[in-house]
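# Structural overview for review
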Amino acid sequence: MKTKLKSIYIISLIILSIGQKPSGFNKFKIEYKKLESEKKENIKDLLLEDICKINPNIYYSVKNIKLVKGFDDHDILVADFLPFGYSIFDINSGIILEVNPYSNSVIDNLDYENYYYYPWKGFYYKKNNVLYDAVSNQVVNKETTDFLVEKSKNIRKSFNSNKNEKNLFFLNSSKDFYNQKNILKLNNSFYKQNENEINFIYGEREIKYSWYFKLCDNDNFPSNTGSEQGICGYVGASMILAFSEIFKVKGFFSEEESEKYLTKAVTIPSYAKDYNGDTYMYFKDIPKFDDSFPYDIWGDDIGSSEPIGIERKIREFLRPKFKEGEFTYTVFSTYWLIGDVKTAIHKDCPAIYFGHMTKDDFVNRPIGVDEMNHALVIYGIFNEKEDRYICHTGWDNTESNQNNSQVILSGLGFLTGGFVYVEPLVKHKHAGYFINEINGTVYCGCGEVLEC
Ligand SMILES: [Zn+2]
């Protein structure tokens, strides 16, 4: 395994040396030397320990490590694990940017020349000096590339002022120190996956009924395709509206809309234990949500968007249903609210989180620069101290075979981003979206039996 990893590094080194930036290459050589030492082993241990903590049901091992670059030329490391899962780690700041405990990274099986990573958006690669998006394989134009470089410098400032000192200390610690850590790893091998249980991971604080998002697969949220750049903001809006209808207050969808877009789940009630060890009930299947919803509701010209635009679109959708005393709500957005997304989580409201693109960026974005924002749904705080969140990324997973419903993201990328959430102002009203497949009992998402 060690020799294999070593050869991967050497190959990467040779490949990177073909790249067009000699200064970047020299810098990389220095970083590479550093990684050859204990540090490399320490990074592996750190990321392994982290993913084992996130998902203690599985004993992970490192499958493959790739060194990629930020657009500011800093080294970022991507670790893919067995049997699945990946972590993205910023070596310079010690921040674990992203962990998906159920899928390998999109670059795991790809072998291009030169990889780049842009936080919360994803991977790019350079081939014959041309930059491509690693998911769509589309060429990224010069204006967009310049913009990515410029933005990455701003992101770096956030990283530098929020370094994870604990991780950095561990990275630079002596062998004895991580020998002790290995004992921890050994203990992890005693965890066994229980086949009868659904594999939920847990954050310190999650919204009520967060299992809905954990189970939210392709059939359960509108596809993020259609327009050239995707419709992520609208997908996020659709998801939080469906959640509000199913779990909060019946009435977010009219009878016709409910009939047309949300298919009741025929399923069985199940039980699991939450972060604190308390048992809760959930349903193994959740209502299907038709792909046509965003286009039918908001028109054919929708694309990615910024918080203010999505706030307006949610208001448009809800306005005809507004009824004083019976159906009232507030739509919050960072446009007028200077706040913290944790507020939404503490109110048990899922929030649409927009990458780093602020309203100003949107307005000032130079001509020719493609949209590169991404919106996703946050439904829990994974670790408040480390500013990590648990979210559904909203990406379709049919082609990439990814599971994108339980991803841990560092909150740093959102420092200059924004969020939107909806808060009902009337008390819970049951909705019968779950039907017991054995006896036909109809349940509300809250667990209440509505009819037998
Ligand atoms: Zn209910």
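Residues numbered from 1 in each chain as written. Predicted model: local features only at pLDDT ≥ 70, side-chain atom pairs only at ≥ 80, totals over all residues.

Moving on, we come to the environment of Thr145. When you line up the elements, Thr145 lands in helix H4 (residues 142–161). Placed 74 residues apart in sequence, Thr145 and Phe71 show a C-alpha to C-alpha distance of 8.4 Å. Not counting chain neighbours up to four residues away, the residues in contact with Thr145 comprise Leu131 and Val140. (Helix = DSSP H or I, 4+ residues; strand = E, 2+ residues; numbered from the N terminus. Contact = placed C-beta atoms within 7 Å.)

To continue, consider the nonpolar core. Judged by nonpolar contacts, the single largest core of 107 residues is most densely connected at Ala351, Ile352, Tyr353 and Cys391. The dominant element in this core, judged by the number of residues it contributes, is helix H8 (residues 232–248), at 11 residues. In contact with Ile352, not counting residues within four places along its chain, are Gly233, Gly236, Ala237, Ile240, Ile310, Ala375, Val377, Phe419 and Val420. (Core = buried A, V, L, I, M, F, W, Y, C linked by C-beta atoms within 7 Å. Buried ≥ 20, exposed ≤ 12 C-beta atoms within 10 Å, placed from the backbone.)

Once that is clear, we can look at the sheet that holds strand S21 (residues 442–443). Reading across the sheet, the 4 strands line up as S10-S20-S21-S22 and stay open at both edges, with mixed pairing between neighbours. Two strands bound the open sheet, and with one partner strand each, they are strand S10 (265–267) and strand S22 (449–451). (Pairing = 2+ DSSP bridges.)

Attention shifts here to the pairing of strand S15 (residues 351–354). Because side chains alternate across S15, one face comprises the buried residues Ala351 and Tyr353, and the other comprises Ile352 and Phe354, equally buried. Bridge count between S15 and strand S16 (residues 375–383): 4 bridges; the pairing is antiparallel. Its bridge partner lying in S16, Ala351 is registered against Ile378. Of the strand pairs in this sheet, S15 and strand S19 (residues 418–424) are connected by 3 bridges, and their pairing is antiparallel. From the neighbouring strand, Tyr353 faces S19, where its bridge partner is Phe419.

A word on the confidence of the model for the protein chain. Looking at the protein chain as a whole, its pLDDT mean stands at 81, while 78% of the residues score no less than 70. Confidence drops under pLDDT 50 across residues 177–193; counting only partners more than four residues distant or on other chains, this segment forms 17 contacts. (pLDDT = per-residue confidence, 0-100.)

Attention now goes to the pairing of strand S4 (residues 95–100). The buried fraction of S4 is high, at 6 of 6 residues. The sheet contact formed by strand S3 (residues 86–90) and S4 spans 5 bridges and is antiparallel. Looking across to S4, one finds that Phe89 is bridged to Ile96. The antiparallel hairpin formed by S3 and S4 contains 4 residues in its connecting segment, where Gly94 sits at a positive phi of about 75 degrees. Looking at chain direction, S4 and strand S18 (residues 407–410) are connected through 2 bridges and run antiparallel. Residue pairing in the sheet places Val99 in a bridge with Ile408 of S18.

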